Amino acid sequence: MAKDNEMEIDIVSDQTNSTPKFSIHVLQLLKSAQMQHGLRFGDYTRYRRYCTARLRRLYKSLKFTHGRGKYTKRAIQPSMVTEVRFLHVVLYTSERAWSHAMEKRQLPDGPNARQRRYLIGRLRKAVKWATFFAELCAMKGDSRTSLEAEAYASYMKGNLLFEQDQNWDIALKSFKSARAVYEELGKYGDLENQVLCRERVEELEPSIRYCLHKIGESNLQASELLQIGEMEGPALDLFKAKLEAVMAEARSQQAASMTEFKWLGHRFPISNAKTRVSILKAQELEKDLQGPKGESIPAEKRLVIFDKIFAAYHEARSSIRNDLANAGNSENMKDDLSGLDKAIGAVLGQRTIERNQLLVSIAKSKLNKLRDDKNGRATKPEELVRLYDLLLQNTADLSDLVSSGRDRKPEEVAFAEECEIESSIFRAERCFYLAKSYSLAGKRTEAYSLYRLACSLADTALKRLQSSTTADQEVLKYLKVLYNESRSNSCIEHALGIMELEKAPEKLSEKISTMSLTAKEMKLGNYLLDKLDAYESAVCDANTRGAPRIETFPPAFEAVPRNPIVLDLAYNSIEFPALENRMKKDKKGGLLSRFWG
């Protein structure tokens, strides 16, 4: 694996005191670079490439290159630091090594043993450069720069020990010293600097609490660790990776006791450990959504949790299908694996319906607003129609999957009936919002017909749900509201249609009275082609919606001269002369006349 061509440094203890004192806002500089070049979305590869390009520009501008063709080592010494850009070289080299380590940490299956050794080596390199940066700032920088550099070096050292799983007391001391510096710096400076220091203190807090937990001075529960891991920030990525490794280990230990998967009265054995871990991970995420705190979770975070559930179940299905391919001729094993795949597919279909229902609730909450707060566009009923199309398709797929077996249990029959009731409810809601979209478009006849159909569908679904033994009162109440709204809106559309029909002749007469075939009332000079000799704009202002006045379109009617119609009245009174005497007569003779004429 190719390493970056980094400049090896020799830390020389030169106590020369130079008059200029450089000033660097280290945290502000790094935070700006990280957010603008990849770390806003956790892209460490992009940030590492930015650091490499930044270092190349710094070397070139300082004329501190390492030879052309053959590499010649040049060491930075304190006496050489005559510009602040030398300090930037050391700082960005440390950042490049750190981002390279974090890039290896974010591999899909995690770093293997060889990659982990390389990762630790990159972190050691980052600590070495950060320590040298702190020493240079102590000699060449002002007091604030030196303090920030010390905090940065302590943070890097804590990251190295945190990743090595050793010397937790030294890691705790490093994180605490960095936190103390940022707490003190957060009391001074401008508002942006205070906010950044406060954010860094909050990002360091989970690592400190985890170090205390490993030492034994804190009794953190697993739920508290997960809650801490929901925080965002580049400083928390190592903590999240460590937490995910701990949770994966605990999940694998818990999965050892998981022997079967229960679904609608069926029990399917699970023999693959990877399948167990994936199912267990999905079930833990489902508990977060369905628990008492699930309703308090914001909608955006719930969507993220749904995505994680889908990923876990897809991993489980992938493992099951690999086992099916390797099952050989064992029919019993194939039946168990096929049944387990079907059960997980059904659960995945249920979670898909729940996610789409969450999207529907988000769209409904924004339907009555004029503009969406986030993207500034109006929410339309057509979006709800599209979501209900997806829900109808999801419900049909789930019903087909459950009804595909030969010997169905009562639980499967009841579940299929619930799917049919849900489908009828979705169909009524889709019809209602489709009618609303036609109403906004001014199509009264179509809107009235769709509202009546929605009223009928809601009434049918209401009767089916009332006959069911497991009827949800909230759904019953919602269906009654939907029925009443559909009925009232159909009456409104009917009345509006009659009013527009009554006013149609009057509006038509008004429009006809204003029409003209000569267009004499049009003033000359309003259009561009009428005033070619004047330098005036014919294009409307940017704030108005009018069309550019270049030429009238369609053009006005004009009188066009036609050729006169000629009627030949003397033709019938003329007596024409006879021409029979001039016509050639046919000669008729016998057989001999043919030879002699």
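Residues numbered from 1 in each chain as written. Predicted model: local features only at pLDDT ≥ 70, side-chain atom pairs only at ≥ 80, totals over all residues. Heavy atoms only, no water.

- Going by what an unreviewed UniProt entry lists, the chain is known as Signal recognition particle subunit SRP68 and is assigned to Heracleum sosnowskyi.
- As recorded by UniProt, the Sequence similarities (unreviewed entry) comment attached to the chain reads in full: "Belongs to the SRP68 family."
- Taken from UniProt, the Function (unreviewed entry) comment for the chain reads in full: "Component of the signal recognition particle (SRP) complex, a ribonucleoprotein complex that mediates the cotranslational targeting of secretory and membrane proteins to the endoplasmic reticulum (ER). The SRP complex interacts with the signal sequence in nascent secretory and membrane proteins and directs them to the membrane of the ER." (UniProt positions renumbered as here; feature names shortened; annotations may be inferred.)

## Quick notes on the pattern of salt bridges
Here comes step 1: Under the defined criterion, the tally for this structure stands at 21 salt bridges.
Here comes step 2: Linking glutamate 203 and arginine 200 is a salt bridge whose minimum nitrogen-to-oxygen distance equals 3.4 Å. With glutamate 203 and arginine 200 both in helix H7 (residues 191-215) and 3 residues apart, the pair spans about one turn of that helix. The pair formed by glutamate 203 and arginine 200 is uniform in burial state, with each residue classed as buried.
Here comes step 3: Residues arginine 444 and glutamate 500 are paired through a salt bridge, measuring 3.2 Å at the closest nitrogen-oxygen approach. Taken as a pair, arginine 444 in helix H15 (residues 444-467) and glutamate 500 in helix H16 (residues 473-513) lie far apart in primary sequence, 56 residues in all.
Here comes step 4: Judged by relative accessible area, glutamate 500 falls into the partly exposed class, the value being 36%.
Here comes step 5: Residues participating in the shared-partner salt-bridge network are Lys31, Arg200 and Glu203. (Salt bridge = Lys/Arg side-chain N within 4 Å of Asp/Glu carboxyl O. Helix = DSSP H or I, 4+ residues; strand = E, 2+ residues; numbered from the N terminus. Buried < 20%, exposed > 50% of the residue type's maximum accessible area, 1.4 Å probe, protein only.)

## As for the environment of arginine 57
Here comes step 1: In this structure, arginine 57 sits in helix H2 (residues 44-62).
Here comes step 2: Through-space distance from the C-alpha of arginine 57 to that of valine 89 is 9.7 Å; in sequence the pair is 32 residues apart.

## Re the packing of aromatic side chains
Here comes step 1: Counted by the stated rule, this structure contains 14 aromatic pairs.
Here comes step 2: Look at tyrosine 50 and tyrosine 92: their rings are 6.2 Å apart centre to centre, the planes differ by 80 degrees, and that puts the pair in the edge-to-face class. Of the two residues, tyrosine 50 is situated in helix H2 and tyrosine 92 in helix H3 (residues 84-105); the sequence distance between them amounts to 42 residues.
Here comes step 3: The class of tyrosine 50 is buried, set by a relative accessible area of 17%.
Here comes step 4: With relative accessibility at 2%, the residue tyrosine 92 sits in the buried group.
Here comes step 5: Ring geometry for phenylalanine 432 versus tyrosine 451: centroids 5.7 Å apart, planes at 65 degrees, classification edge-to-face. Remark: tyrosine 451 occurs in helix H15 and phenylalanine 432 occurs in helix H14 (residues 410-440); sequence separation between them is 19 residues.
Here comes step 6: Residue tyrosine 451 is classed as buried on the basis of its relative accessible area, which comes to 3%. (Phe/Tyr/Trp six-rings, centres within 6.5 Å; stacked < 30°, edge-to-face > 60°.)

## Focus on the confidence of the model for the chain
Here comes step 1: For the chain, per-residue confidence averages 80 on the pLDDT scale, and 80% of positions sit at 70 or higher.
Here comes step 2: The model gives residues 1-18 a pLDDT under 50, and that stretch makes 47 contacts with residues more than four places away or in other chains.
Here comes step 3: Of the regions scoring below 50 in pLDDT, residues 221-231 engages in 19 contacts with residues more than four places distant in sequence or in other chains. (pLDDT = per-residue confidence, 0-100. Contact = heavy atoms within 4.5 Å.)

## Quick word on the pairing of strand S2 (residues 266-269)
Here comes step 1: By the alternation rule, side chains of S2 split into His266 and Phe268, which are all buried, and Arg267 and Pro269, of which none is buried.
Here comes step 2: Summarising the sheet, strand S1 (residues 260-263) and S2 pair through 4 bridges and their orientation is antiparallel. Across the sheet, the residue bridging to phenylalanine 261 is phenylalanine 268, located in S2.
Here comes step 3: Between the antiparallel neighbours S1 and S2 lie 2 residues, among them leucine 264 with a positive phi of about 50 degrees. (Pairing = 2+ DSSP bridges.)

## Digging into the packing of H3 against helix H4 (residues 113-140)
Two measures define how a pair of helices packs: the angle their axes make with one another and the distance between the axes.
Here comes step 1: Running from N to C, H3 and H4 cross one another at 160 degrees; their axes reach a closest spacing of 8 Å. Between H3 and H4, the crossing angle belongs to the class labelled roughly antiparallel. Note that H3 runs across H4; the crossing there is left-handed.
Here comes step 2: For the contact of H3 with H4, the per-class residue count stands at 16 nonpolar, 3 polar and 5 charged. (Axes fitted to C-alpha atoms, helices over the stretch in contact; angles between N-to-C directions. Parallel < 35°, antiparallel > 145°, perpendicular 65-115°, else oblique. Left-handed = near helix turned anticlockwise from the far one by under 90°. Nonpolar A, V, L, I, M, F, W, Y, C, P; charged D, E, K, R; others polar.)

## Some thoughts on the side chain of glutamate 103
Here comes step 1: Looking at where glutamate 103 falls in the secondary structure, it is placed in helix H3.
Here comes step 2: At 3.1 Å, the side chain of glutamate 103 forms a polar contact with the side chain of threonine 45.
Here comes step 3: For glutamate 103, the side chain forms a polar contact with the side chain of arginine 48, separated by 2.7 Å.
Here comes step 4: The contacts of glutamate 103, once residues within four sequence positions are left out, are Tyr44, Thr45 and Arg48. (Polar contact = N/O pair within 3.5 Å; in protein donor to acceptor, adjacent residues only side chain to side chain.)

## Observations concerning a nonpolar patch on the surface
Here comes step 1: A surface patch of nonpolar side chains, amounting to about 360 Å² of accessible area, comprises Leu528, Leu529, Leu532 and Ile550.
Here comes step 2: Mapping leucine 528 onto the fold places it in the loop between H16 and helix H17 (593-596). (Patch = residues over 30% accessible without salt bridge, like charges linked within 9 Å, V, L, I, M, F, W, Y side chains within 5 Å. Areas by Shrake-Rupley, 256 points an atom, 1.4 Å probe, with all protein chains shown as cover.)

## Section: unusual backbone geometry
Leaving glycine out, the prevailing phi sign among residues is negative, and the prevailing peptide bond configuration is trans.
Here comes step 1: Phi at lysine 63 takes a positive value of approximately 55 degrees, unusual for a residue other than glycine.
Here comes step 2: Position of lysine 63 among the secondary structure elements: in the loop between H2 and H3.
Here comes step 3: Classification of lysine 63 as exposed rests on a relative accessible area of 71%.
Here comes step 4: In this structure, aspartate 165 takes a positive phi of about 60 degrees despite not being glycine.
Here comes step 5: Along the chain, aspartate 165 falls in the loop between helix H5 (143-164) and helix H6 (168-185).

## Quick look at the environment of leucine 434
Here comes step 1: Inspection of the secondary structure assignment puts leucine 434 in helix H14.
Here comes step 2: Classification of leucine 434 by relative accessible area gives partly exposed; the value is 21%.
Here comes step 3: Taking the C-alpha atoms as reference, leucine 434 lies 6.2 Å from valine 385; in sequence the two are 49 residues apart.
Here comes step 4: Discounting chain neighbours no more than four positions away, the residues touching leucine 434 are Val385 and Leu450.

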